[in-house]
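# Remarks on the overall topology
As a plain string of letters, each chain reads:
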Amino acid sequence: MPKTSARLLSLLSLLQTRRDWPGPALAARLGVSQRTVRRDVDRLRELGYPIAAVKGPDGGYRLGAGSELPPLLFDDEQAVALAIALQIATVTGAGIEEASARALATVRQVLPARLRRRIDTVPFTSVEPPARTGGRVASAVLVALGAAVHAREVLRFDYASPADQGEGGAGRAPRRVEPHHLVAWSGRWYLVAWDLDRGDWRTFRADRITPRTPTGPRFTPRPLPGGGVSAFVISRFRGAGESGDWPCRGEVILDLPASVVSRHSWDGVVEAVGPDRCRLVLGSWSWARLAAEIGSFDVDLEIVGPQELREAFARLARRYSAAVSDSSG
């Protein structure tokens, strides 16, 4: 690639990474003079890229949105990242699988051979989560939810949840919420919102939402519990409070090496206490679930605490013993 063309590609890539670029900063990143930067900006403008000059002590540039889409240019890393992202997009549950596959075919067709080889050296298979009821959401619904989140406008929608069906189903009034975040979790999309009628935070499955139009008035975002959307969503799915921790957490000593236990306990804290023993601190949404999960290691163990975990083991022992007695009798 000629030096000038390569520099133009680098310049365009930089302009896409931030809103405003001072001229001296661009010159330093490209290793050229500010005069060369000005000439390269003029060349990009001739190609159809709307680059505005920004006033200031040093002057600068801003890449704007044009009425027509000029030819897209990607550097090597961007092209490879785009191809990999399109492969991953086929299992997001966002209803864009076919479009992603077609876009990937288009990108691969125009990639130079050296980049196609780079992509082929990272072979992987995107595996969909196990089949569950629902989960797929129309891309139009995601766009509508995302638009309401971005505009900070009250959203009305019909929600087909089992709980609502038990309270009247289709005859229920539409939900009214302040939409705050659209998140993906374990192959499903969820809307995190403040429910205006219930006066509390809620997470709604996007595949059960049918948006109504028009949207409502604008609102001022409320502070989300837990300090951020990630902590909030994790705490809700764990059945925990605002701390985000599991409501039940216990400690045991297992007759297994720490290296073995750590491979099967991604959310636990594992500490070696000997060559073939380790300490495991693990959490769950109930004491019975926690006891059963620990028991799945199928080795001798010592319960460190708390008392609720001991009682859960005792209940399971009685229940399992009774089940064995019934089946043998």
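Note that the structure is a prediction, hence the values are computed from the model and not measured.

Conventions we followed
- Sequence order as written defines the numbering, with residues in each chain counted from 1.
- Note on the predicted model: pLDDT of at least 70 is required for a residue's local features to be given, and 80 or more for side-chain atom pairs to be given and counted; whole-chain, interface and lining totals, by contrast, use all residues.
- Calculation of side-chain values draws on the structure's entire complement of heavy atoms; hydrogens and water are dropped beforehand.
- Put simply, DSSP marks the helices as runs of H or I at least four residues long and the strands as runs of E at least two long, and each gets a number from the N terminus on.
- Here the expected span of a helix is defined as 1.5 Å times the quantity of residues minus one.
- Three exposure classes are used, based on accessible area relative to the maximum for each residue type with a 1.4 Å probe and protein chains only: buried under 20%, partly exposed in between, and exposed over 50%.
- Directions are taken from the helix axis to each C-beta atom, and the arc is the one they span.
- Two rings from Phe, Tyr or Trp (for Trp, the six-membered ring) form a pair when their centres sit within 6.5 Å of each other. Planes less than 30 degrees apart are called stacked, planes more than 60 degrees apart edge-to-face, and all others tilted.
- On a scale of 0 to 100, pLDDT captures the predictor's confidence in every residue.
- Here a residue-residue contact requires only that any non-hydrogen atoms of the pair lie within 4.5 Å.

### Remarks on helix 3 (residues 34-46)
- Here helix 3 is 13 residues long and its end C-alpha atoms lie 19 Å apart, about the 18 Å a rise of 1.5 Å per residue gives.
- Taken together, the buried positions of helix 3 are Thr36, Val37, Asp40, Val41 and Leu44. On an axial view of helix 3, the arc spanned by its buried residues comes to 140°, and they lie on one face. Turned more than 90 degrees away from the buried face of helix 3 sit Arg35 and Glu46, all of them exposed.
- Looking one or two residues past helix 3, Gly48 carries a phi angle of roughly 105°, positive in sign.

### Looking at unusual backbone geometry
- The linkage connecting Thr213 with the following residue, Pro214, adopts the cis geometry, with an omega of 0°.
- Put simply, Gly305 and Pro306 share a cis peptide bond, and its omega is 5°.
- Here Pro306 is to be found in the loop between strand 12 (301-305) and helix 12 (307-328).
- Positioned with a positive phi, Arg152 is a non-glycine residue whose angle comes to about 55°.

### Here's the deal with the packing of aromatic side chains
- Throughout the structure, instances matching the rule amount to 4 aromatic pairs.
- With a centroid separation of 5.1 Å and an interplanar angle of 85°, the aromatic rings of Tyr159 and Phe204 are classed as edge-to-face. Here Tyr159 is found in strand 4 (residues 155-159), whereas its partner Phe204 is found in strand 7 (residues 200-205), with 45 residues between them in sequence. Phe204 shares its class with Tyr159; the two are buried.

### Let's talk about the confidence of the model for the protein
- Mean pLDDT over the protein works out to 79, with 78% of the residues at or above the 70 mark.
- Mean pLDDT in the protein bottoms out at helix 8 (residues 162-166), which sits at 52, and peaks at strand 4, which reaches 94.
- The low-confidence segment residues 165-169 (pLDDT under 50) makes 3 contacts with residues lying over four places distant or belonging to another chain.

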